[in-house]
Amino acid sequence: MNLRATLALLGALALALFVVGEARRHAAATPARRRFFRHRPAAWGLFVLSFFVTLAIAAPWVAPYGPSVTLEIVTLKNQPPSLLHPLGTDLYSRDVWSRLVYGSRVSLSIGALAMLVAVTVGAVVGAVAGYVRRWVDTALMRLVDVGLAVPRIFLMLMAIALWQRLPLALFVLLIGLTGWFGTSRLVRAEVLTLRERDFVAAARGLGAGPARIILRHVLPNVAAPIIVSAALGIGNVMLLEAGLSFLGIGVPPPLPSWGNMIADGAAQLATAPWTTLFPGLAIALVVMALNAVGDALRDALDPRREAEWDTDGATL
Amino acid sequence: MATWLVRRVAASLAIVFAVVTFTFLLLHLAPGEPFLPSGDTPIDPAVVARLRHQFGLDQSLPLQYAKYLGALAHGQLGESFALHRPVADALGDAIPNTLVLVGTALVLELLLGLAFGVYQAARARRLPDVALGYATLFLNSVPTFWLGLLLLLVFGEALRWFPVGGVVDPVVHASLPWAGRTADRLWHLALPALTLGCVGAAGTARYERAAMLEVINQDYVRTARAKGLPERRVVLVHALRNALLPLVTLFGLSFPFLLTGAVLVEWVFAWPGMGKLTAEAIFRRDYPVVLAAATSASTMVVLGSLLADVLYAIADPRIRVHGE
Amino acid sequence: MTELLLRVRDLRTYFVTEQGRGTARAVDGVSFDLHAGETLGIVGESGCGKTVTSLSLLRLIPEPPGHILPGSFIELEGRNLLTLAPKALRAIRGNEMAMIFQEPMTSLNPVFTVGDQIAEAAIVHQGLSRRAARARAIEMLKLVGLPDPETRVDHYPHQLSGGMRQRVMIAMALVCGPKVLIADEPTTALDVTIQAQILELLNRLQDELGMAVILITHDLGIVAGTVDRVLVMYAGQVVESAPTPELFARPLHPYTEGLLASVPRLDTPHPRRRLHSIPGQVPAATAWPAGCRFHPRCPYAWDRCTVEEPPLLDAGKGEPASHVVRCWLLAEPARRTRQP
């Protein structure tokens, strides 16, 4: 590791700490934020996420080498972690730390983009089904039943079988398009209760069309469950991406994703375990952080949760 | 109750039928072509045409669909393009292996998850709960196949306590007595089932802990204490019986996750089940196998959720009586 | 006087609140006696510590966040319940001292039949066989006046109405023939007609079985016809205690006055007079007011009340300590004239 990379890494850590510190400092401001930080793992999760997002953005500064730079194919192959190569090198004498840093770009953006697709489709389908009801609702929900019945990985495997080598954009789109079923059910249930509420009736009375009512009045009010399911969903997408890349049908090499780094390393598991260990640990850390933040968000965005913890004697 | 069950079964069948149709259409309308050269080996177009004719791919789509459904009704799933054997045979070999793996993992998931969840709830917010809380959060977040690789590395490669793959020992299995063969199977099953079971158990434990904590504050638990029941009976009978209800729902939902995990775990441990068969079939563009495997997996998911609904109706008297 | 059953002295139950916002002194020095066959009413608004008092008697306070302070004393026939081993305590719960709760909807376990839930205590405490316990459960359902007990015994709680569930709760509490029955707002969640039936049932059962009853309620109207002696609670303390007729005839604490004035009475000469309500509300248990805890809401309060906490003063005419009041008006009766 050279000086620039070390300083950049320390900078990334400091920035992540600063983000968490700032968030905590303003934590008492609203009840929602208080509820968020009541989850002890939440602050920790926020730190991990800020750290990895910083790594992804600042990859060229944090990574000492390029992601596919082969250093010295004979002498620097499968080297264990050292001061120079903190996470070791892989079979092709590439620096694992550098690949991990660049891999965070690929893995995190696949997770975020695919989830964006899934949440958008799920929210729209759920809102339409719940708002329009009748046969539209029936048809869409039967579709969701079928979609939920096929395990997602089999859907992906079938889709991938059709294209010999899936372009990355299509791969992301497909992950998104196979992941909206649960969200749509959630949104539909919320919309069904919301559409009977007064402010929706008022908007309808003022002559607003269905599209406007859904976009302006209904969706903002179901934002909370959508945000929570998105946070948890990004983790699922990252795990799916890793699994598919591990099977060799995900992100095409030499582009580093944490999934195909594990796949690369798996063959040298016994001789160079670090090439498998660290990318897996990175996935685990980020997914763990997303789960922790998702759980905390669920509490933070649900005002009904406040009462449970206020165990004043007077309320007994 | 009876009408509810009939309607529920009919809905399940409809879903399976829809899945069959959907997968058929997806694979036949898609741009891919099974007999096009997949590498740099050129193939004579005449050969391709002959193969297409042999497998009926040159017929019209509705006709292929009708034939497929007709064959399906007779339990035939067609001929594998690549394995030179009926798909039903290949799946028939693979499915029991997957069921053994998934079944064992499911038992581990439920038992371990239940035990840890109840234990954590009983020690809520104290050290054992906090420690287990972080442990389960971690296990619930690791990629299943990565955990499999780690277990393989530690217990297979380094310690050599367990075999590194396969269902049985290829050399000595046939010569062992019955008990030895069973032990050999269990010995091979241990690591993959533990991998799959641990990840599931972590999720179940988190879920069950929350369910127990919600139930333990209910008025009827206080009533049970006021009756003078031993704390063990209060927690394990009055509270747990109610906290088991959400677990039944979770059981129904866990099949897709288990099957997804199984695909990857089978790959890691060279376990000849459906997942490995499907993954291999994809590289060979072996449509009938992919189609049949996806359909079988969906059928398992649908059956699992049907079973969970029935179990729930049995476990919850409020549903048992009212039917819906 | 009959035999003394339960002696409570200086009971203090505190709760530690989340995020260290302080200690809620939900019950703060409550003392009373309960004699065999007696009915004691504990009355006060919600938030006064009635329910916490009743839960403390059976040590059903969740710990943490709650705890009963050392120095408190709950003695049932000579045994201090606060120092009893868990096993010995369980032998008392549901057996010698039983409790029925406010919410019959949620206090019964939804996944067990009512018969099983009634029989359970008999099996645990009296070692009855399952068959004998079931017969006892049917007998108890008959006792509490549930129609068709042989069928009802196999029903689940959700199949019963609220009134029937409360009868089941009573059957459950009485199955071991307890010496003390604690009834915490047993009729609050029920319709008015059902309320009367349940109270009547409790009265009848008390006469038949000869147990002592602690009836906790916010409704002085309920107390009037059923209770021998009333304990008025405010802000975690007993503020007045007297035999029922005496209390109704001569309420001395301004809080009791306020409570009585807010009960609709058919025998008052001014039927169109608006019902009285006590201004303000019970303060939070984390911050009881200094001095007399009632002074911010008291129409008579003067400077002494804001600084000096009154002790329980004896106002009894006959027996000593038969009527006690926690109010400085007793020391300076002249101040009572300045009624607002």
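These numbers were taken from a predicted model, which means no experiment stands behind them.

### So, the overall build of chain A
Working step 1: Secondary structure assignment for chain A yields 15 helices and zero strands.
Working step 2: Each principal axis of the C-alpha distribution contributes one length, and for chain A these read about 75 × 55 × 35 Å.
Working step 3: By residue count, 51% of the 316 residues in chain A fall in the buried class.
Working step 4: Counting contacts in chain A only where the partners sit at least 6 residues apart, residues at least 24 apart contribute 72% of the total.
Working step 5: Summed over its atoms, the accessible surface of chain A is roughly 13600 Å², and 68% of this surface lies on carbon and sulfur atoms.

### With respect to a nonpolar patch on the surface
Working step 1: There is a patch of nonpolar side chains on the surface, built from Leu3(A), Leu7(A), Leu10(A) and Leu13(A) and spanning about 400 Å² of accessible area.
Working step 2: If you trace the backbone, Leu10(A) turns up in helix H1 (residues 3-25).

### Some words on the packing of aromatic side chains
The relation between two aromatic rings is expressed through the spacing of the ring centres and the mutual angle of the planes.
Working step 1: Here the structure, examined in full by the defined rule, presents ten aromatic pairs over all chains.
Working step 2: Centroid distance Phe246(A) to Phe145(B): 4.4 Å. Interplanar angle 15 degrees. Geometry classified as stacked. Taken together, the positions of Phe246(A) in helix H12 (residues 223-246) and Phe145(B) in helix H6 (residues 144-158) put the pair across two chains. Taken individually, Phe246(A) and Phe145(B) each receive the classification buried, so the pair is uniform in this respect.
Working step 3: Seen from their ring centres, Tyr255(C) and Phe294(C) are 5.2 Å apart, and the 65 degrees between their planes marks the pair as edge-to-face. With Tyr255(C) in helix H11 (residues 254-261) and Phe294(C) in the loop between H11 and helix H12 (303-307), this pair connects stretches of sequence that are 39 residues apart.
Working step 4: When its relative accessible area of 0% is taken as the criterion, Tyr255(C) is described as buried.
Working step 5: Since its relative accessible area comes to 3%, Phe294(C) is described here as buried.

### Looking at the interface of chain A and chain B
The parts lose accessible area when they come together, and the size of an interface is often stated as this lost area.
Working step 1: In this complex, chain A contributes 41 residues to the contact, which on the side of chain B involves 47 residues.
Working step 2: Contact between chain A and chain B buries roughly 3900 Å² in total, counting both sides, with carbon and sulfur atoms accounting for 81%.
Working step 3: In this structure, Arg206(B) and Asp295(A) form a salt bridge, with 3.0 Å as the shortest nitrogen-oxygen distance.
Working step 4: Connecting chain A to chain B are five residue pairs in polar contact (both at pLDDT 80 or more).
Working step 5: Sort the elements by how many residues they give to the side of chain A that touches chain B and helix H14 (residues 274-300) of chain A lands first, with eleven residues.
Working step 6: Residues of the side of chain A that touches chain B, tallied by class, amount to 32 nonpolar, five polar and four charged.

### Some words on the side chain of Thr178(A)
Residue and element names in this part refer to chain A.
Working step 1: Inspection of the secondary structure assignment puts Thr 178 in the loop between helix H8 (168-177) and helix H9 (181-194).
Working step 2: Thr 178 gets classed as buried once you look at its relative accessible area, which sits at 10%.
Working step 3: At 3.0 Å, the side chain of Thr 178 and the backbone oxygen of Ile 175 are in polar contact.
Working step 4: For Thr 178, the contacting residues outside a window of four places in its chain are Arg 152, Leu 155 and Met 156.

### Examining the environment of Ala122(C)
Working step 1: In this fold, Ala122(C) is placed in helix H4 (residues 114-126).
Working step 2: Here the alpha-carbon distance between Ala122(C) and Gly94(C), two residues 28 residues apart in the chain, equals 9.1 Å.

### Section: the sheet that holds strand E11 (residues 237-243) of chain C
Residues and elements named next belong to chain C.
Working step 1: Taken in spatial order, the eight strands line up as E7-E8-E9-E3-E10-E11-E13-E12 in an open sheet, and their pairing is mixed. Looking along the sheet, the strands with just one partner apiece sit at the ends: strand E7 (97-100) and strand E12 (313-314).
Working step 2: Sheet topology note: the E11/strand E13 (residues 324-325) ladder contains two bridges and is antiparallel. If you follow Ser 241 over to E13, its bridge partner there is Val 324.
Working step 3: Against the sheet, helix H7 (residues 162-174) touches E7 and strand E8 (180-184), its axis set at about 170 degrees to E7.

### Regarding the nonpolar core
Working step 1: The biggest cluster of nonpolar side chains holds 158 residues, and the ones touching the most others in it are Phe52(A), Phe154(A), Phe171(A), Leu244(A), Trp258(A), Leu91(B) and Phe145(B).
Working step 2: With sequence-adjacent residues up to four places away left out, Leu244(A) is seen in contact with Ile153(A), Met156(A), Leu157(A), Ile160(A), Phe171(A), Ile249(A) and Gly250(A).
Working step 3: Grouped together as the second largest cluster of nonpolar side chains are 107 residues, Met140(C), Val168(C), Val282(C) and Val325(C) included.

### Re the pattern of salt bridges
Any two side chains of opposite charge can pair, given that their charged atoms come close.
All names here are of chain C.
Working step 1: Scanning the entire structure with this criterion turns up 37 salt bridges over all chains.
Working step 2: Notably, a salt bridge pairs Asp 33 with Arg 9, separated by 2.9 Å at the nearest N-O pair. One end of the pair, Asp 33, is in strand E2 (residues 23-35); the other, Arg 9, is in strand E1 (residues 4-16), and 24 residues separate them in sequence.
Working step 3: The exposure class assigned to Arg 9 is partly exposed, which follows from its relative accessible area of 28%.
Working step 4: Its salt-bridge partner being Asp 154, residue Arg 134 comes within 2.8 Å of it at the nearest N-O pair.

### Looking at empty space enclosed by the protein
All names here are of chain A.
Working step 1: Applying the stated criterion across every chain, the model contains five cavities of 30 Å³ or more.
Working step 2: In this structure, the largest cavity spans a volume of roughly 90 Å³.
Working step 3: Residue lining of the largest cavity: Asp 90, Leu 91, Tyr 92, Val 96, Arg 99, Met 261, Asp 264, Gly 265, Gln 268 and Thr 275, and that is the complete set.
Working step 4: Ranked by the residues each element gives to the lining of the largest cavity, the list is headed by helix H13 (residues 258-266), at three residues.
Working step 5: Class assignment for the residues of the lining of the largest cavity results in four nonpolar, three polar and three charged.

### Brief notes about the interface of chain B and chain C
Working step 1: Listed by partner, the interface residues are 23 residues for chain B and 24 residues for chain C.
Working step 2: On the chain B side of the interface with chain C, the three residues burying the most area are Arg222(B), Ala226(B) and Lys227(B), jointly 28% of the side's total.
Working step 3: Remark: the boundary between chain B and chain C carries two salt bridges.
Working step 4: We note a salt bridge from Lys227(B) to Glu120(C), for which the minimum N-O separation is 2.7 Å.

### Re the pairing of E11(C)
All names here are of chain C.
Working step 1: Most of E11 is tucked away: six of the seven residues are buried.
Working step 2: When strand E10 (residues 229-234) meets E11, the two strands line up antiparallel, connected through six bridges. Paired with Val 230 across the bridge in E11 is Ala 242.
Working step 3: Hairpin connection, E10 to E11: the antiparallel pair is bridged by two residues, and Ala 235 has positive phi, about 55 degrees.

### Here's the deal with the confidence of the model for chain C
Working step 1: For chain C, mean pLDDT is 85; residues scoring 70 or higher make up 94% of the total.
Working step 2: Both scores are given for the predicted complex: the pTM is 0.83, the ipTM 0.87.

### Regarding unusual backbone geometry
Working step 1: Within the chain, Arg125(B) stands out as a residue other than glycine whose phi angle is a positive 65 degrees.
Working step 2: As for its placement among the helices and strands, Arg125(B) is situated in the loop between helix H4 (87-122) and helix H5 (127-139).
Working step 3: Of note, the phi angle at Asp148(C) is positive, near 55 degrees, even though the residue is not glycine.
Working step 4: With respect to the helices and strands, the residue Asp148(C) is situated in the loop between helix H5 (130-143) and helix H6 (149-152).

### Quick notes on the state of the cysteines
Residues and elements named next belong to chain C.
Working step 1: For the structure on display, the rule yields zero disulfides over all chains.
Working step 2: Cysteine Cys 327 is unpaired, with the sulfur of Cys 298 as its nearest cysteine sulfur at 6.1 Å.
Working step 3: Note on Cys 327: relative accessible area 9%, which makes it buried.

### Section: the packing of H4(C) against H7(C)
Residues and elements named next belong to chain C.
Working step 1: Two elements in contact, H4 and H7, have axes whose closest approach is 8 Å; the angle formed by their N-to-C orientations is 25 degrees. When the interaxial angle is binned, H4 and H7 end up roughly parallel. Note that H4 runs across H7; the crossing there is right-handed. Of H7, the residues touching H4 (which contributes Val 114, Gln 117 and Ile 118) are Val 168, Ala 171 and Met 172.
Working step 2: Considering only residue class, the contact of H4 with H7 consists of five nonpolar, one polar and no charged.

### So, H13(A)
Residues lying three or four places apart along an α-helix face the same way, a consequence of the helix completing one turn every 3.6 residues.
Working step 1: For H13(A), the set of buried residues is Trp258(A), Gly259(A), Asn260(A), Met261(A), Ile262(A) and Gly265(A).
Working step 2: Next to the buried residues of H13(A) lie helix H3 (40-57), helix H5 (96-132), H12 and H14 of chain A together with H6 of chain B.

### Points about the packing of H1(A) against H3(A)
Residues and elements named next belong to chain A.
Working step 1: H3 packs onto H1 with a crossing angle of 140 degrees between their chain directions and a minimal axis gap of 8 Å. Looking at the two axes, H1 sits oblique to H3. Once H1 is placed against H3, the crossing between them reads as right-handed. Note on element contacts: H3 touches H1 through Ala 43, Leu 46, Phe 47, Ser 50, Phe 51, Thr 54 and Leu 55, opposite Leu 9, Ala 12, Leu 13, Leu 15, Ala 16, Leu 17, Val 19, Val 20, Ala 23 and Arg 24.

### Section: the side chain of His323(C)
Residue and element names in this part refer to chain C.
Working step 1: For His 323, the position within the fold is in the loop between E12 and E13.
Working step 2: Among the residues examined, His 323 registers a relative accessible area of 0% and is labelled buried.
Working step 3: There is a polar contact of 2.6 Å between the side chain of His 323 and the side chain of Glu 240.
Working step 4: Reaching out from His 323, the side chain makes a polar contact with the side chain of Glu 246 at a distance of 2.7 Å.
Working step 5: Here His 323 is in contact with Glu 240, Ser 241, Ala 242, Glu 246, Arg 250, Leu 252, Leu 313, Asp 314, Ala 315 and Gly 316, once residues within four sequence places are set aside.

Rules and cut-offs
- Residues numbered from 1 in each chain as written.
- Chains lettered and ligands numbered in written order.
- Predicted model: local features only at pLDDT ≥ 70, side-chain atom pairs only at ≥ 80, totals over all residues.
- Heavy atoms only, no water.
- Helix = DSSP H or I, 4+ residues; strand = E, 2+ residues; numbered from the N terminus.
- Buried < 20%, exposed > 50% of the residue type's maximum accessible area, 1.4 Å probe, protein only.
- Contact = heavy atoms within 4.5 Å.
- Areas by Shrake-Rupley, 256 points an atom, 1.4 Å probe, with all protein chains shown as cover.
- Patch = residues over 30% accessible without salt bridge, like charges linked within 9 Å, V, L, I, M, F, W, Y side chains within 5 Å.
- Salt bridge = Lys/Arg side-chain N within 4 Å of Asp/Glu carboxyl O.
- Phe/Tyr/Trp six-rings, centres within 6.5 Å; stacked < 30°, edge-to-face > 60°.
- Buried area = accessible area lost by both parts, 1.4 Å probe.
- Polar contact = N/O pair within 3.5 Å; in protein donor to acceptor, adjacent residues only side chain to side chain.
- Nonpolar A, V, L, I, M, F, W, Y, C, P; charged D, E, K, R; others polar.
- Pairing = 2+ DSSP bridges.
- Axes fitted to C-alpha atoms, helices over the stretch in contact; angles between N-to-C directions.
- Core = buried A, V, L, I, M, F, W, Y, C linked by side-chain atoms within 4.5 Å.
- 1 Å grid on protein atoms, 1.4 Å probe; cavity = no way out; pocket = protein on both sides within 12 Å on 5 of 7 lines; lining within 4 Å.
- Points joined across faces, edges and corners; volume = space filled by probe spheres on them.
- pLDDT = per-residue confidence, 0-100.
- Disulfide = S-S within 2.5 Å.
- Parallel < 35°, antiparallel > 145°, perpendicular 65-115°, else oblique.
- Left-handed = near helix turned anticlockwise from the far one by under 90°.

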